[in-house]
Amino acid sequence: MSSIDYSQKIPNNVGLSEDRTLQRALEQWQPNFIRWWDEVGPVGSTNHDVYLRTAVSVDPQGWASFDYVKMRDYRWGIFLNPGDASRSIHFGDHKGEPAWADVPGEHRANLRRIIVTQGDTEPASVEQQRHLGLTAPSLYDLRNLFQINVEEGRHLWAMVYLLHKHFGRDGREEAEALLERRSGDENNPRILGAFNEATPDWLSFFMFTYFTDRDGKFQLCALAESSFDPLARTTKFMLTEEAHHMFVGESGVSRVIQRTAQAMNELETDDVTRLRAAGVIDLPTIQRYLNFHYSVTIDLFGADQSSNAATFYSTGIKGRFEEGKRDDDHVLKGRTYPVLEAVNGQLVEKDVPMLNALNEVLRDDFIKDSVAGIGRWNKVLEKAGLPQRLTVPHKAFHRNIGALSGVKVSPDGRVIGESEWQAQVEQWLPSRQDRAFVASLMGRVAEPGRFANWIAPPVMGINRMPVDHAYVRFG
Ligand SMILES: [Fe+2]
Ligand SMILES: [Fe+2]
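Residues numbered from 1 in each chain as written. Chains lettered and ligands numbered in written order. Predicted model: local features only at pLDDT ≥ 70, side-chain atom pairs only at ≥ 80, totals over all residues. Heavy atoms only, no water.

Trainee: Please explain the coordination of the iron ion (ligand 1) as it appears in this structure.
Mentor: Any two of four tetrahedral donors ideally make an angle of 109.5 degrees at the metal, while pairs among six octahedral donors ideally make 90 or 180 degrees. Looking at the metal site, the iron ion (ligand 1) is ligated by Glu122 (OE), Glu152 (OE) and His155 (ND1), spaced 2.0 to 2.2 Å from it. Going along the chain, you hit the donors of the iron ion (ligand 1) in the pattern E-x29-E-x2-H. (Donors = N, O, S within 2.8 Å, 3.2 Å for Na, K, Ca; no water.)

Trainee: Before we go on, may I ask you to explain the nonpolar core in this structure?
Mentor: Soluble globular proteins tend to pack their nonpolar side chains together in the buried interior. Grouped together as the largest cluster of nonpolar side chains are 99 residues, with contacts concentrated most on Trp377 and Trp454. Looking at which element gives the most residues to this core, the answer is helix 4 (residues 139-166), with 14 residues. Once you skip the residues sitting within four places of it in the chain, Trp454 turns out to touch Pro137, Trp202, Phe206, Val256, Arg259, Gly279, Val280, Ile281, Leu441 and Met442. (Core = buried A, V, L, I, M, F, W, Y, C linked by side-chain atoms within 4.5 Å. Buried < 20%, exposed > 50% of the residue type's maximum accessible area, 1.4 Å probe, protein only. Helix = DSSP H or I, 4+ residues; strand = E, 2+ residues; numbered from the N terminus. Contact = heavy atoms within 4.5 Å.)

Trainee: How should I be thinking about the pairing of strand 4 (residues 346-353) in this particular structure?
Mentor: Remember that side chains alternate between the two faces of the sheet whenever the strand is regular. As defined by bridge partners, strand 3 (residues 336-343) adjoins strand 4 across 8 bridges and the pair is classed as antiparallel. Of the residues in strand 4, the one forming a bridge with Glu341 is Val348. Turn length for the strand 3-strand 4 hairpin, with the two strands adjacent in sequence and antiparallel, is 2 residues, and the turn residue Asn344 shows positive phi of about 50°. (Pairing = 2+ DSSP bridges.)

Trainee: I would appreciate a short explanation of empty space enclosed by the protein in the present structure.
Mentor: To find the voids left in a structure, one rolls a probe of water-molecule size over its atoms. Within this structure, the stated rule accounts for 1 cavity of 30 Å³ or more. Size it by volume and the largest cavity reaches roughly 50 Å³. Considering the residues around the largest cavity, the lining is formed by Ala194, Glu197, Ala198, Thr199, Phe208, Thr212, Phe292, His293, Val296 and Thr297. Of all the secondary structure elements, the ones that give two or more residues to the lining of the largest cavity are helix 6 (202-223) and helix 9 (283-299). Top element by residues in the lining of the largest cavity is helix 9. It accounts for 4 residues. Classifying every residue of the lining of the largest cavity gives 5 nonpolar, 4 polar and 1 charged. (1 Å grid on protein atoms, 1.4 Å probe; cavity = no way out; pocket = protein on both sides within 12 Å on 5 of 7 lines; lining within 4 Å. Points joined across faces, edges and corners; volume = space filled by probe spheres on them. Nonpolar A, V, L, I, M, F, W, Y, C, P; charged D, E, K, R; others polar.)

These figures capture arrangement, not role.
Shown next, in the form of structure tokens:
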């Protein structure tokens, strides 16, 4: 192994070849990463040539190159956005002090925990999505799935680089553990709940990339404000890749809706049985998938009141979404923020110290952003001349974390009893029959330019290539 020149093999802008110790540490981790990829990465994909984007620099004008690549040979690189030596901390108790080029001892444990938690989501989603390639609705979609998979792999590299470079032996141990946990594993699961859920079909995949990759965006944006400068610069570059993941989700769901709307108009019906017989996914099922992924994803932001969130902010480890654009004091002491709680069967707002409510603040920013896309999905229905609309469930619906986890709430925000919940839950969340029906539609379409019956083609291809380009060549 020692003869491999990783300064060539691992594209990077971090001067890897000048840091022999770090280079050796990553040399030792690299074959373990490949072993992990072979074991739980995309099933049966090893010999495919995939038309992939690879990050090659941090220049916004030309940061990626496109070419056919075997995924196992993807050049997972390490990139930090350019630094600014004069950057100063712009929030929390250290506001105005110079940003940290290395980890201050007193914040080491918290920073490590945050980096490990972020890092853990990256391989988790690859594991969750590993079977989907077998049932891709087109070569275009298959390529997008694989693109997301290799980039989540690169995001793991990004976090592992920080662990190896800045956290010594603990960091190396955490980097190994990131390859050992498994999504959904009873004994050694991934850290966060949503990353242990199955992604069994393509509707789930599109909902996941719309909602859960968007959670990633908000977490990365908050970390891009960090006083720990290498973390800020790493996450900033990760965000350039994340945009495509959310695009795949938004356009994917949009294309499913478009195809369903077309069938509804052709058959002049909204009858679920008839639409299912026509091989498209009925809107109530799409709504239930939306409800599920939305609620599971907003749980990822954590408890609505959290002393950890206050600590992360005050110590300067993690900022708010668009911290720099907010015109308050960026210290937040003495300020309050409303959170929800259930009192005597009613949801009521309660003002709590804002520092303790920063998970809720980030969750609300996420909600605003995700609601906008649901509005764009509804435009597809509107354009098709249909009166039906998708709705965003209430924030308190189907929560498993925080104060709201103790109550049952309907999608329209009524606190209800266990018996009403049981009676209605199959109207609100995907039932076993819904999932079985969606699964019955899944089957690989592998001819360039052809699309499964349940989804409309995209408006355009990838990197200005035509929609019917052979995005994957099977080997
Ligand atoms: Fe990621
Ligand atoms: Fe992502």
